[in-house]
Amino acid sequence: MNYFFMSLSAVQDAILFETHLPATDETKSVRVRRGVYTLRQGAGYYMIRIRIPAGIITPDQLRAVAQMSRETEWPAGVHLTTRQGMEIAGVAGARVIEFLGRLDDAGLTTLLTGGNAVRGVVCCPLAGVAQDEIFDVTPYAIAVDDHFRNHPELTRLPRKIKIAFESCPHDHVRTLATDIGLTAVRRDGKDGFRMVIAGGLGATPKVAQLLEEFLPVDELFPRIEAILRVFNRHGNRENRARARLKWLISEWGMEKFREAVKAETVEAGRALPRTSPIGSQKAIALKSALIPEKHAEAYTRWIEANVVNQHQTEQVTVLLRVPGGDLLPSQIEAVAEAAEIFADGIRTSIEQNLVLRNISRENLPALYEFLRPHGLALCCAAEITDVTRCVGAAACLSAITSSHSAAEKIAETLQGDLGRDPILKNLRIRVSGCHNSCSHHHAADIGLFGISKKINGRAVPHYALLFGGQSTGGQAGTRLIDIPAARVAGAVARTLELYRSERTGQENFASFVERTGDIRLKGELQAYTVAPTPEEEPEFYRDINAELDFKVESRRGECAY
């Protein structure tokens, strides 16, 4: 590892250089490898991305993040990412080093949240508590993150590598849409992993392929290292668009790659770390509270949608829905306090929500009443109205459209009858501001990504609509039609109405889309593409909730540096 690229002094030098001269590939690389990104708006201000291995964060760490966010005065607060991380935006260049130091003091890291290396390792947020888990994969996820974040040779790969660990039969972390996906399995009383590789989303999604049906836990580190060494040696360093692991597998085929990994594993399997299980967690017992009658119905719905039973008797996990993935500093502090009073353990999820674990069932009314005034007792986490979105044009260099505004408008449109319908409630909608799939729009029943199209000589924000993807990443949605941003919420609602009225039996959404066909579905949505003149409807030529006419301001992002 070239530690110059990791040092705070190097980051400071890079920012000082960029204050007076245009950024270079080297200054971008120094910043981004420490998680510091240029903000779309405001020269001299940055976004800091925090790596949260396995999504585990403490109340004190939350408070540290909240205080820094308060000092930036960024209107949206802290953004939760679809890789279980957090982002603090609006940091003045003069304070970046101070903020990085404060994060280090809090036990948080930003190392390699950008650049061509192993990114933050994600883990099932229910690992250790799920009723149906095979075994707790958390210690393995943490150890893998630590080992490969600090590896002396494998932090300059051809392209980024994403790793996901799943404890449960149900995939909560999209192992099939990641470079290395590991799912807990047990064979003849022995713990191991089902290993899939070379999945990914982005402009060209690929479903991961099976590498090992059963990999014993003591072979985990040698096998991952062997994969990375083969990729490091043979991955495409000339063409960034074809540099991910999925393209090497496409070129070689799985059998050739498997043989190369087996040959490499012999050399890699020396003096590598072993893991130990995390200690058992305690439950906190409090007195019960009564729910006011006017909140009783909402509380019941919250219990049904947001509370998950654990395998620990009389303890539950609560999902805190975070609309748009944004939390204000005061809300983050409230979560920290709630965790200390009611729970034993906080995790982030790839659905941009927070997870409070090991809560005594009898304390749920008191927890609900604590969360409600802070806007944190919202119903329906991980259901249709819980629309996932990337940060979008508010901060990202690559974004074309305001994914936040689109996600908010869609969620608002679904708050009534459609959002409560049991036929629809488990469908997922994800919105990205460009084709890069940071919201995982391919892994959704209805996915959307921002584009621009010319109408009447003017640039008009649109969303490409993709239908029929699977939340696990096992099937990517198919692009069907492009809808102007001003009409996109109506088009989504119309699609759901059509599915609800015309599905047969227990037909799922993907099967309905396939049976109905592109021609029929496009025909139903064509009316939403009809454009008025600028004089008739000026809002049509603006992004959702924008006051100015739309123009494309996206440019190449910095993640690859």
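Quick look at the structure, then. (Residues numbered from 1 in each chain as written. Predicted model: local features only at pLDDT ≥ 70, side-chain atom pairs only at ≥ 80, totals over all residues. Heavy atoms only, no water.)

### Some remarks on the state of the cysteines
- Applying the stated criterion to the full structure yields one disulfide.
- Note that C379 is cross-linked by a disulfide to C380, the S-S spacing being 2.3 Å. Judged by the sign of its S-S torsion, about 70°, the cystine formed by C379 and C380 is right-handed. Just as C379 is buried, C380 falls in that class too.
- C168 supplies the cysteine sulfur nearest to C124, a cysteine that is in no disulfide, at a spacing of 3.9 Å.
- C434 takes part in no disulfide bond, and the closest cysteine sulfur to it belongs to C396, at a distance of 5.9 Å.
- For C434, a relative accessible area of 10% puts it in the buried group. (Disulfide = S-S within 2.5 Å. Buried < 20%, exposed > 50% of the residue type's maximum accessible area, 1.4 Å probe, protein only.)

### Things to note about the nonpolar core
- Of all hydrophobic cores here, the largest spans 55 residues; its most connected members are M86, V96, W302, L356, L367 and L371.
- The dominant element in this core, judged by the number of residues it contributes, is helix α10 (residues 329-342), at seven residues.
- Beyond its immediate stretch of four places on either side in the chain, L371 contacts W302, L320, A338, L376 and A377.
- Formed by 46 residues, the second largest nonpolar core is a distinct cluster that contains F165, C168, I180 and L182. (Core = buried A, V, L, I, M, F, W, Y, C linked by side-chain atoms within 4.5 Å. Helix = DSSP H or I, 4+ residues; strand = E, 2+ residues; numbered from the N terminus. Contact = heavy atoms within 4.5 Å.)

### Notes on the pairing of strand β6 (residues 163-166)
- Of the two faces of β6, the one carrying I163 and F165 and the one carrying A164 and E166 are both buried.
- Of the strand pairs in this sheet, strand β5 (residues 122-123) and β6 are connected by two bridges, and their pairing is parallel. Paired with C123 across the strands is F165, a residue of β6.
- This β-α-β element, β5 to helix α5 (residues 138-149) to β6, shows left-handed connectivity.
- In this sheet, strand β7 (residues 180-187) lies alongside β6 in parallel orientation, the contact comprising four bridges. The partner of I163 across the bridge, within β7, is I180. (Pairing = 2+ DSSP bridges. Right-handed = clockwise from strand over helix to strand, strands pointing away.)

### Points about the packing of aromatic side chains
- Applying the stated criterion to the full structure yields 15 aromatic pairs.
- Between W252 and F257, the ring centres sit 6.3 Å apart and the planes meet at 55°, which makes this aromatic pair tilted. No difference in accessibility class separates W252 from F257, as the two residues are buried.
- Ring geometry for Y299 versus Y368: centroids 5.2 Å apart, planes at 70°, classification edge-to-face. Residue Y299 is found in helix α9 (residues 296-306), and its partner Y368 is found in helix α11 (residues 364-371); the two are separated by 69 residues along the sequence.
- These aromatic residues form a ring-pair network of at least three members: F135, Y140, F165 and F193.
- Between the NZ or CZ atom of K256 and the centre of the ring of W252, over which it lies, the distance is 4.5 Å.
- Sitting over the face of the ring of Y541, R458 holds its NZ or CZ atom 5.1 Å from the ring centroid. (Phe/Tyr/Trp six-rings, centres within 6.5 Å; stacked < 30°, edge-to-face > 60°. Lys NZ or Arg CZ within 6 Å of the ring centre and 35° of its normal.)

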